[in-house]
Amino acid sequence: MALVNNRLDDQAFRMSEATAGDFLALLKPRVMSLVVFTAFVGMVAAPVTINPFLAIVAILAIAVGAGASGALNMWYDADIDAVMTRTAKRPVPMGKVSPREALTFGLVLSVLSVMTLGVLVNWLSAALLAFTIFFYAVIYTMWLKRWTPQNIVIGGAAGALPPMIGWAAVTGNVGFESFVLFLITFLWTPPHFWALALFKSEDYERAGIPMMPNVAGAASTRRQIFAYSLLLAPVGVAPWLLGYTTAGYGVVSLALGAGFVWYAWKVLRMPDADKAMKPAKALFAYSLLYLFAIFAAYLADSVIGRAVALGGV
Amino acid sequence: MTDKEMVTLTESQQKARRSRNIAIGLALAALVIIFYLATIAKFGPAILDRPL
């Protein structure tokens, strides 16, 4: 008797049609690129250096760890991803990757990335990476996301940790300077996601996710977005005020922060009847630019500072 | 064993499997190189200076 029968149905024996590209999509490459960038800034901003090859290994491990948490998120959230237009084409809801494959992939990469960072770089950064994966996959995805409108506020900590991991990879500790970098991303997350949630509220409603516009209403969300922008703008300038950077960064961050408050103000003034929600879409787009630009400014300031110091020697 | 006793992969399943195999191969090769170079980077020439 044959051990395997061609007539076995898909449920009993499923040959995967997932390509390497589908597994790559599980890692959320766009989120990963932001994680890599902010972690890199954390590494460069640190007052000491490590072997450049070990720095590349650290960045790779952080990227894979972040990707692993994305895969675990897609495994757990496949049911709600399927009903949201923004996420319906992800590999699990599309049926390209089975939930079990996504779970296994995420777990294997989580262990691999944490162990690699620990063995080759240091165990503090590895512990922070493990905490980040746990926080995103378990605390945010499995608990907060479907439970409270503060989901992305608290869950934002996971996305904000990479600069601290990068800093820890180089220095072996976590300084207040890296905490300020954490704080910038942490305070940026609510206005960024709530701007998206405003013009995608029907999607979130359909999926049953308690995002702020669906729970507290659009008007309250607009006020909270503006409040967070007022907190974010000065925190963005804080590295200069605390003496970590030059005035060059201070001027750039001040302009970027003023821009953020301006876009948030336009969202605040957006009438309830506005269905196109152009101000919310504009803020969402600007918020992406803001985070990239402020970290790029920090990076440029650190690199120039080092170059000047080397020139002085 | 005859053909009927085996799983016959469709063309898309074969292409997908090949794509996964190549990716796994590349990832394993990359890991070997990373751990080899990282060992040298961490320990330096001292890695070769060991009593027999």
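Residues numbered from 1 in each chain as written. Chains lettered and ligands numbered in written order. Predicted model: local features only at pLDDT ≥ 70, side-chain atom pairs only at ≥ 80, totals over all residues. Heavy atoms only, no water.

1. What to know about the side chain of T245(A)
Residues and elements named next belong to chain A. Quick reminder of the rule: A run of H or I in DSSP counts as a helix once it spans at least four residues, and a run of E counts as a strand once it spans at least two, with each numbered from the N terminus. Polar contact is defined as a pair of N or O atoms within 3.5 Å, subject to the rule that within protein one atom must be able to donate a hydrogen and the other to accept it, and that residues adjacent in sequence are counted only when both atoms are side-chain atoms. Residues count as neighbours in contact if any of their non-hydrogen atoms are within 4.5 Å of one another.
Looking at the element boundaries, T245 is found in the loop between α12 (218-241) and α13 (247-268). Among the polar contacts listed, one links the side chain of T245 to the backbone nitrogen of W240, at a separation of 3.4 Å. When neighbours within four sequence positions are excluded, T245 is seen to be in contact with P239, W240, Y298 and D301.

2. Brief notes about the confidence of the model for chain B
What counts here: What pLDDT expresses is the predictor's confidence in each residue, scored from 0 to 100.
Averaged over every residue, the pLDDT of chain B is 86; the share at 70 or more is 88%. Scoring the predicted complex yields pTM 0.91 and, for the interface, ipTM 0.82.

3. Side note on the packing of aromatic side chains
Given two aromatic rings, one states the distance between the centres and the angle between the planes to describe the pair. Residue and element names in this part refer to chain A. Applied cut-off: Between 30 and 60 degrees the pair is tilted, below 30 it is stacked and above 60 it is edge-to-face, where a pair is any two Phe, Tyr or Trp rings, Trp via its six-membered ring, whose centres lie within 6.5 Å. Under the scheme applied here, a residue whose accessible area is under 20% of the maximum for its type counts as buried, over 50% as exposed, and between as partly exposed, the area being computed with a 1.4 Å probe on protein chains only.
Under the counting rule described, the total for this entry stands at 16 aromatic pairs over all chains. For the pair F199 and F284, a centre-to-centre distance of 6.0 Å together with 80 degrees between the ring planes defines the contact as edge-to-face. With F199 in helix α9 (residues 176-199) and F284 in helix α14 (residues 278-312), this residue pair connects regions lying 85 residues apart in the sequence. Ring geometry for F260 and Y290: centres 5.1 Å apart, planes at 75 degrees, overall edge-to-face. Of the two residues, F260 sits in helix α13 while Y290 sits in helix α14, which places them 30 residues apart along the sequence. The class of F260 is buried, set by a relative accessible area of 1%.

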